[in-house]
Amino acid sequence: MRVIVAAVGDAQALRQEESAAMQLAVLILAIVAYSFSTLTFYLTFVHSPANFSSRVRHSRATLIAAVVLHLADIVYRSVVTRTCPVTSAEFGLSLAALVSVVAFLVWARQDKLLALGVIVAPLGLGLFVASSVVESHEITPHVPAWFLAVHVTANLLSVGLFVVAAAGSIAYLLQSSRIKAKRATVGQAPFPGLSSLESLSHRFLGLGLGPMTIGVVSGAVFAERLTHGGMESLRIALSYVCWLVAAAVVLGQRITGWHGRRVAWGTIFAAVLAVGLVLLYAIMNGSPS
Amino acid sequence: MWVIGLSHRTAPIELRERAALDDDTAAARLRELVSSGLIAEAMVISTCNRMELYFVTSEETKQAVSSARNSDHAGGSDAEGKAVEHVLDALKLSAADVGKHVFLYQGRAAVKHLFRVAASLDSLVVGEPQILGQLKRSYERARALGVVGSRLNRAAMRAFRAAKRVRSETTIGAGQVSVATVALDLARQIFDQLAGRTVVLIGAGEMGEAIAQLFQQAGANLVLLGRTEQRVMALAKRVGAEGRLMSELERTLAEACVVVTSTSATLPVVGFEHVRAAMRRRRGRELFFVDVAVPRDVEERVGTLDGVYLYNVDDLSSVVAGTQASRKDSATKAEEIVEAELLDFERREDVEQVTPVVRTLYTWYSRVLHTEVERSLQGRLRELPEVDRQALNRLVEAATKKLLHQAATKLKRWAVERPDELNSVLEIVRELMLPPDSGTLSGTLEVAPRSSPSAEKAGLANEPRAPQSPSQTPVEENR
């Protein structure tokens, strides 16, 4: 009997080793795919801005491959570690990256918008790498698991969408500065027009605001049950500020018709706060806001 | 022939603004120049990129130069210098600017410049088609004023022919990037789609109209702004636009996406405060100004406003500069065509210089023979019937032509093959075949000296370049 137990134990250990090796392989492949995509997006942006959309098809294909591997990594890791992705800090970063890249790929079916890959691909890579180096913290809130899943999913979805909105705003500011400084070139603008970039940012910020509202409201429900330390209070305050900024920008655009650079800066600020919150969430030991 | 002027290659927009001439002023200056007696023919072209005056000095000036050259006296330079100074005065240009911003070419260099301008090789956007039309209109205006003679006429006609050849035999105009298309491309970098957007055109300049029409073709709604209701409405009807008065400027700016300005106003018509007020109403929505007017129509600091993108002619020039490389081959071929046309023109001009000599020879021989025949008809042949008299006169005419045919043909061939020796040959002809008192030939025997190919090359390599003072016989090709 002891021999059987030992044999089963050995087999389990072997399976775990194999799984860990497999998970590592998927992780490395995903990082390679993200890096290759980032590099080719960047090189095409610098050297062939005029034919950007036709030359970055392979970059898009690699980014799609990276997304598939990324998803495989999440599934594999959650299976190996037996962790629900939406209740773990490091998965939070990984999922935020996945949401932003998938949202971009869906939106960038229009070739001209592919240029935003030069911003989105490195952001995805950065968040994915960060998620793989952050120590795993299982979140242990005093709320039902489904409630936590809704809260985290909503927040991660909003962060992913805000990242794409910020990418549009960064491209807007770059393009706008180039034209303003009279450095524009004929037929060599890789980005779409300013109005398209602005509309893309506005759309993604608006799309992200809904889930973020759910996240903030659901967070407020169990925020009272948390022990309010300094960092936690900061995190809660930041999440409210982030929501307020995003809401102000979206409403400002819809109601009063705000346009231009200030709106772009507002969008970037909201996205930076959102990503900062997830980073804080991943780095800190504690439960979510 | 001479040309004095400044262009986008030599002068910044501020200087071109000051030198620009509207049609009425140009006409007044041309009349004034020709009435001075120093200039015989003149034509002026004033566009947003150049202001150039082509002129031919009068016979008096030429004779002063010729006499001075024969006597090795400096008076010839003085006469030409005086003519050049007079032109500079008329154009309100300073002699100190010559060589810095103002170019001055004479003879072959001047003709070549005219050919290059017509062929759009000297344009801001090489190969753009507008310049030929502008040059043709300038020529027609000068001709209507009666200040274009045979020399300018021949040069202009040849320039138009060279331009036509360049357009038909090269691809210089294909896939053309013009100021208009650059403006459209920039607008697309801001607004992406132009369909349904409002484009405002202020002023009825040719370039502005071309740009506005391009936007209209892209689906934009065109609004014309003008000072007089009747003119604006008439023009608006013609181009299928909405006409408004300038008093509605601020409201129109608040609605517009693109504003194209090309008035001939000497002061800006769109001020900083107008745009600032409009931008407040627009809540940061982008506004793109294309100012192709010289002097500029939009105040420069308008471009500092957030959300406002302002491009003037010089800004557009830097944008199109990068597109020139692709047309380099076509431009090289076009330069070859211009050179071939120039050589042919020179040959014909040399032949033209022989023509008056041949005519004088014919007149002289004919007169001598007719005098002798007349004397015989009044003497021994006085009984000759009228029919025979007429036949005799016809015989004299035919004989004169036959006698001089070979000489005329050889002189023309000489002019083509050995133009440098033409002066000496004509001098020998005068000595051998004409009486000493044939004063009618004194002005026509002189042939303008031609620069050597090496000197010409040197002059062109440094083009545009001109001497510091017009009194120093400022001849581009002599350097």
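In the block above lies the structure referred to throughout.
Cut-offs applied
- Residues numbered from 1 in each chain as written.
- Chains lettered and ligands numbered in written order.
- Predicted model: local features only at pLDDT ≥ 70, side-chain atom pairs only at ≥ 80, totals over all residues.
- Heavy atoms only, no water.
- Helix = DSSP H or I, 4+ residues; strand = E, 2+ residues; numbered from the N terminus.
- Buried < 20%, exposed > 50% of the residue type's maximum accessible area, 1.4 Å probe, protein only.
- Contact = heavy atoms within 4.5 Å.
- Areas by Shrake-Rupley, 256 points an atom, 1.4 Å probe, with all protein chains shown as cover.
- Patch = residues over 30% accessible without salt bridge, like charges linked within 9 Å, V, L, I, M, F, W, Y side chains within 5 Å.
- Salt bridge = Lys/Arg side-chain N within 4 Å of Asp/Glu carboxyl O.
- Pairing = 2+ DSSP bridges.
- Axes fitted to C-alpha atoms, helices over the stretch in contact; angles between N-to-C directions.
- Parallel < 35°, antiparallel > 145°, perpendicular 65-115°, else oblique.
- Left-handed = near helix turned anticlockwise from the far one by under 90°.
- Nonpolar A, V, L, I, M, F, W, Y, C, P; charged D, E, K, R; others polar.
- Core = buried A, V, L, I, M, F, W, Y, C linked by side-chain atoms within 4.5 Å.
- Domains from an automatic or database assignment.
- Buried area = accessible area lost by both parts, 1.4 Å probe.
- Phe/Tyr/Trp six-rings, centres within 6.5 Å; stacked < 30°, edge-to-face > 60°.
- Lys NZ or Arg CZ within 6 Å of the ring centre and 35° of its normal.

**What about the overall build of chain A?**
Within chain A, the regular secondary structure consists of nine helices and zero strands. Walking chain A from its N terminus toward its C terminus, one meets helices and strands in the order α-α-α-α-α-α-α-α-α. Of all 289 residues assigned to chain A, the portion counted as buried reaches 53%. When contacts within chain A are restricted to residue pairs at least 6 apart in sequence, those whose partners lie at least 24 apart make up 81%. Total accessible area computed for chain A in this model is approximately 13,200 Å², and 69% of it derives from carbon and sulfur atoms.

**Looking at the overall build of chain B**
Helices and strands together make up the secondary structure of chain B, namely 17 helices and 10 strands. Sorting the 479 residues of chain B into buried and exposed places 51% on the buried side.

**Remarks on a nonpolar patch on the surface**
Residues and elements named next belong to chain A. On the surface, Leu39, Tyr42, Leu43 and Val46 cluster together into a nonpolar patch covering about 380 Å² of accessible area. Inspection of the secondary structure assignment puts valine 46 in helix α1 (residues 2–47). A residue is classified by how much of its surface remains accessible, and valine 46, at 42% relative accessible area, is partly exposed.

**Quick look at the sheet that holds strand β9 (residues 287–291) of chain B**
All names here are of chain B. An order of β7-β6-β5-β8-β9-β10 is seen for the six strands of this open sheet, with the pairing classed as parallel. Each edge of the sheet is formed by a strand with only one pairing partner; in this case those strands are β7 (242–245) and β10 (308–312). Direction aside, the axes of adjacent strands within the sheet are offset by 20° on average. The sheet strands contacting helix α8 (residues 179–191) are β8 (258–261), β9 and β10, and the helix crosses β9 at an angle near 170°. Against the sheet, helix α10 (residues 229–239) contacts β6 (221–226) and β7, and its axis sits at roughly 160° relative to β6.

**As for the pattern of salt bridges**
Residues and elements named next belong to chain B. For the structure on display, the rule yields 32 salt bridges over all chains. For arginine 244, the salt bridge is made with glutamate 242, and the minimal N-O distance between the two is 3.0 Å. By relative accessible area, which is 7% here, arginine 244 ends up buried. Notably, a salt bridge pairs glutamate 255 with arginine 251, separated by 3.2 Å at the nearest N-O pair. Residue glutamate 255 and its partner arginine 251 are located together in helix α11 (residues 249–255), separated by four residues, close to a single helical turn. On the basis of relative accessible area, arginine 251 is assigned to the partly exposed category, the value being 35%.

**Digging into the side chain of Asp192(B)**
Along the polypeptide, Asp192(B) turns up in the loop between α8 and β5 (198–202). Residues contacting Asp192(B), with those up to four places away along its chain left out, are Pro192(A), Gly193(A), Ser195(A), Ser196(A) and Ala187(B).

**Structural notes on the packing of helix α5 (residues 108–118) of chain B against helix α7 (residues 150–169) of chain B**
Residues and elements named next belong to chain B. Here α5 crosses α7 at 40°, and the two axes come no closer than 8 Å. Taken together, α5 and α7 sit at an angle that is classed as oblique. Remark: the crossing between α5 and α7 carries right-handed chirality. On α7, the residues touching Leu114, Phe115 and Ala118 of α5 are Ala155, Ala156, Arg158, Ala159, Ala162 and Ala163. The residue makeup of the contact of α5 with α7, split by class, is eight nonpolar, no polar and one charged.

**Comments concerning the nonpolar core**
Ranked by size, the top nonpolar core spans 119 residues in total, and within it Phe104(A), Phe162(A), Ile211(B), Phe215(B), Val258(B), Phe288(B) and Val290(B) carry the most contacts. Looking at which domains feed residues into this core, each of domain 1 (2–170 + 454–472) and domain 2 (179–323) of chain B gives three or more. In this structure, Phe104(A) is in contact with Leu63(A), Leu113(A), Leu114(A), Leu116(A), Gly117(A), Val120(A) and Val164(A), ignoring residues within four places of it in sequence. The next biggest cluster of nonpolar side chains, apart from the first, holds 66 residues, and it includes Trp2(B), Phe55(B), Ala142(B) and Ala162(B).

**Comments concerning the interface of chain A and chain B**
Chain A puts 26 residues into the contact, and the matching count from chain B is 26 residues. Between chain A and chain B, a total of about 1,900 Å² is buried, with carbon and sulfur atoms accounting for 48% of that surface. Linking chain A with chain B are two salt bridges, by the criterion used here. Between Lys182(A) and Asp315(B) there is a salt bridge whose closest N-O contact spans 3.0 Å. For the side of chain A that touches chain B, the secondary-structure elements that each account for two or more residues are α6 (145–180), α7 (194–223) and α9 (261–283) of chain A. Of all the elements, α6(A) adds the most residues to the side of chain A that touches chain B, at six residues.

**Regarding the sheet that holds strand β1 (residues 2–7) of chain B**
All names here are of chain B. Reading across from one edge, β2-β3-β1-β4 is the order of the four strands in this open sheet, with antiparallel pairing throughout. Two strands in the sheet have a free side with no partner beyond their single neighbour: β2 (39–46) and β4 (103–106). For this sheet, the mean inter-axis angle between neighbouring strands, taken without regard to orientation, is 15°.

**Some thoughts on the packing of aromatic side chains**
Under the counting rule described, the total for this entry stands at seven aromatic pairs over all chains. Note on Phe115(B) and Phe345(B): the rings are 5.8 Å apart at their centroids and 70° apart in plane angle, and the pair reads as edge-to-face. Of this pair, Phe115(B) sits in helix α5 while Phe345(B) is found in helix α14 (residues 328–378), placing the two residues 230 residues apart along the sequence. For the pair formed by Phe115(B) and Phe345(B), the shared burial category is buried. Over the ring of Tyr309(B) we find Lys180(A); its NZ or CZ atom is 5.6 Å from the centre of that ring. Seen from the ring of Phe272(B), Arg301(B) lies directly overhead, with NZ or CZ sitting 4.1 Å from the centre.

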